[in-house]
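This is what each chain is made of:
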Amino acid sequence: MSRNRKRLFIALKCVLALAIIVAVGREFARTLAKPELASFHFSLRFEYLLPAGLLYLLAHCSWGSFWVRLLHSQGVKVSWYTGMRAYFVSQFGKYIPGKGFVIVMRVGMLRGVGGRALPVAVTATYETLTNMAAGALVGVMLLPWLGVLPQEVSRNTTLLFAIAGLPIVLVLLNRLVVRIASKSREPDAPPLPSPSVWLLLEGLLHGAVGWCLLGLSLGLTIRAVLPDAKMITAANFDGAAYLGNVATVSLAYVVGFVVLVAPGGLGPREFVLKLLLAPRFLAAYDADLANGLAAVVALVLRLTWTAFEVVLATGLYAVRPKPHASTIIPGKDHLDA
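Residues numbered from 1 in each chain as written. Predicted model: local features only at pLDDT ≥ 70, side-chain atom pairs only at ≥ 80, totals over all residues. Heavy atoms only, no water.

> Help me understand the nonpolar core, please; the structure alone is not making it clear to me.
Most often, soluble globular proteins keep nonpolar side chains buried together rather than apart. In terms of nonpolar packing, the biggest core is built from 67 residues, with Trp67, Leu110, Leu214, Leu218, Tyr253, Phe281 and Tyr285 touching the most fellow members. Mapped onto this core, the elements with two or more residues apiece are α2 (46–73), α3 (80–89), α4 (101–111), α5 (117–141), α9 (197–225), α11 (239–258), α12 (268–277) and α13 (287–318). A per-element tally of this core places α13 first, with 11 residues. Core analysis: the second largest hydrophobic core is formed by 6 residues, Phe66, Leu70, Val122 and Leu199 among them. (Core = buried A, V, L, I, M, F, W, Y, C linked by side-chain atoms within 4.5 Å. Buried < 20%, exposed > 50% of the residue type's maximum accessible area, 1.4 Å probe, protein only. Helix = DSSP H or I, 4+ residues; strand = E, 2+ residues; numbered from the N terminus.)

> When you look at the layout of surface pockets in this model, what are you seeing that I'm missing?
Summary: where empty space remains is shown by rolling a probe the size of a single water molecule over the atoms. Reported here for the largest pocket is a volume of approximately 370 Å³. Contributing to the lining of the largest pocket are 23 residues, with Lys94, Lys99, Val102, Thr128 and Phe257 lying nearest its centre. If you tally residues by element for the lining of the largest pocket, the top one is α5, at 7 residues. Taken together, the residues of the lining of the largest pocket break down into 9 nonpolar, 9 polar and 5 charged. (1 Å grid on protein atoms, 1.4 Å probe; cavity = no way out; pocket = protein on both sides within 12 Å on 5 of 7 lines; lining within 4 Å. Points joined across faces, edges and corners; volume = space filled by probe spheres on them. Nonpolar A, V, L, I, M, F, W, Y, C, P; charged D, E, K, R; others polar.)

> Would you mind showing me how to read the packing of α3 against α13 here?
A pair of packed helices is captured by two measures, namely the crossing angle of their axes and the spacing between those axes. At their nearest, the axes of α3 and α13 sit 9 Å apart, and the two run at 130° to each other. As the angle between them shows, α3 and α13 are arranged oblique. α3 and α13 meet at a crossing whose hand is left-handed. Seen from α3, the contacting residues are Tyr81, Met84, Arg85, Phe88 and Val89; seen from α13, they are Leu312, Ala313, Leu316 and Tyr317. (Axes fitted to C-alpha atoms, helices over the stretch in contact; angles between N-to-C directions. Parallel < 35°, antiparallel > 145°, perpendicular 65-115°, else oblique. Left-handed = near helix turned anticlockwise from the far one by under 90°. Contact = heavy atoms within 4.5 Å.)

> In this structure, what is going on with the pattern of salt bridges? I would like to understand it.
It is possible for side chains bearing opposite charge to pair when their charged atoms get close. Under the criterion given, the structure shown has 4 salt bridges. Glu202 is the salt-bridge partner of Arg69, the closest N and O atoms lying 2.7 Å from each other. A residue pair is termed long-range when its members are at least 10 positions apart, and Arg69 in helix α2 and Glu202 in helix α9 qualify at 133 residues. The class of Arg69 is buried, set by a relative accessible area of 13%. Judged by its relative accessible area of 33%, Glu202 falls in the partly exposed class. Residue Arg302 pairs with Glu270 through a salt bridge whose shortest N-O separation is 2.7 Å. Taken together, the residues span a long stretch of sequence, with Arg302 in helix α13 and Glu270 in helix α12 at a distance of 32 residues. (Salt bridge = Lys/Arg side-chain N within 4 Å of Asp/Glu carboxyl O.)

> Can you help me understand the side chain of Ser62 in this one?
Mapped onto the elements of the fold, Ser62 is located in helix α2. Overall, the relative accessible area of 11% leaves Ser62 in the buried class. At 2.8 Å, the side chain of Ser62 forms a polar contact with the backbone oxygen of His206. Residues contacting Ser62, with those up to four places away along its chain left out, are His206, Val209 and Gly210. (Polar contact = N/O pair within 3.5 Å; in protein donor to acceptor, adjacent residues only side chain to side chain.)

> Sorry if this is basic, but what is going on with the packing of aromatic side chains here?
How two aromatic rings sit relative to each other is given by the distance of their centres and the angle of their planes. This structure, assessed with the given rule, holds 6 aromatic pairs. Ring geometry for Tyr253 versus Trp305: centroids 6.4 Å apart, planes at 40°, classification tilted. Of this pair, Tyr253 sits in helix α11 while Trp305 sits in helix α13; the two residues are 52 residues apart in sequence, bridging distant segments of the chain. Tyr253 sits in the buried class, given a relative accessible area of 8%. Overall, the relative accessible area of 2% leaves Trp305 in the buried class. Over the aromatic face of Trp67 sits the side chain of Arg106, whose NZ or CZ is 4.5 Å from the ring centroid. The ring of Tyr253 has Arg269 lying over it, and the distance from NZ or CZ to the ring centre is 4.1 Å. (Phe/Tyr/Trp six-rings, centres within 6.5 Å; stacked < 30°, edge-to-face > 60°. Lys NZ or Arg CZ within 6 Å of the ring centre and 35° of its normal.)

Now the structure itself:
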């Protein structure tokens, strides 16, 4: 692709991303501008937002640790700190339309400590798709706990199942490519990245743990925003409500990921959160208030997660690992336990 075409492609992605954000922003603005919301007193309890933010970071620790395990399985010996540092700092890359810059950042950060570009890039791809697949599976399995589904969700469950199957498809394609390429490679050439199916299945567990933690984070954010008087009536903070929170956050996050041009899922994620949360508040509020409350929860959740992520990633970036912390190991698979 020529340089001019690359620039045009990047410009188109940026314009499309901006259009999506503007469209969702206008929808939220219309929702929050309803006269019924003018006299409504939203709560904001920081004693709930603090653990909500910490749970978000713990969820990413589960996902990031899976990536470090993938690196180890492919012969890239990095310390857990080095790997987790690259994972969290690279999250800044998801705010560039296309989300591919996350992989570029991880490759760049680990190159200086002995990480070859190919295994770093391949494992980063597997990590992301496996966690999104886990989110799609969790979201689909917990659909009954969402109650009445909006048509925008119910008619797209096939897409969610397709996303859930991506890691297995990638494994099969990867094995085929490795088999074909190995016939023409030199005997002493480094092995091509090829994560095991069992490790990817374990990755689905890593992903599921993360989504369960994000469900708790969403529940705490709802509790932080809802007024005291109707908190129990509107949210019913029991097991069924928790499962509904896990399904809600999983589906919203996966949709935000699928819309590749949306930086960090900004816009689509909030739209789906609002769409899925509003019906759950109708037991205590009228439709306009329920929609307004759902919009506020979605925005507060985004701000909370982003603030905690930026603070941690900035701190990790400032504390560099020691030069001897990471090296390449000849061979693979024997380090991953």
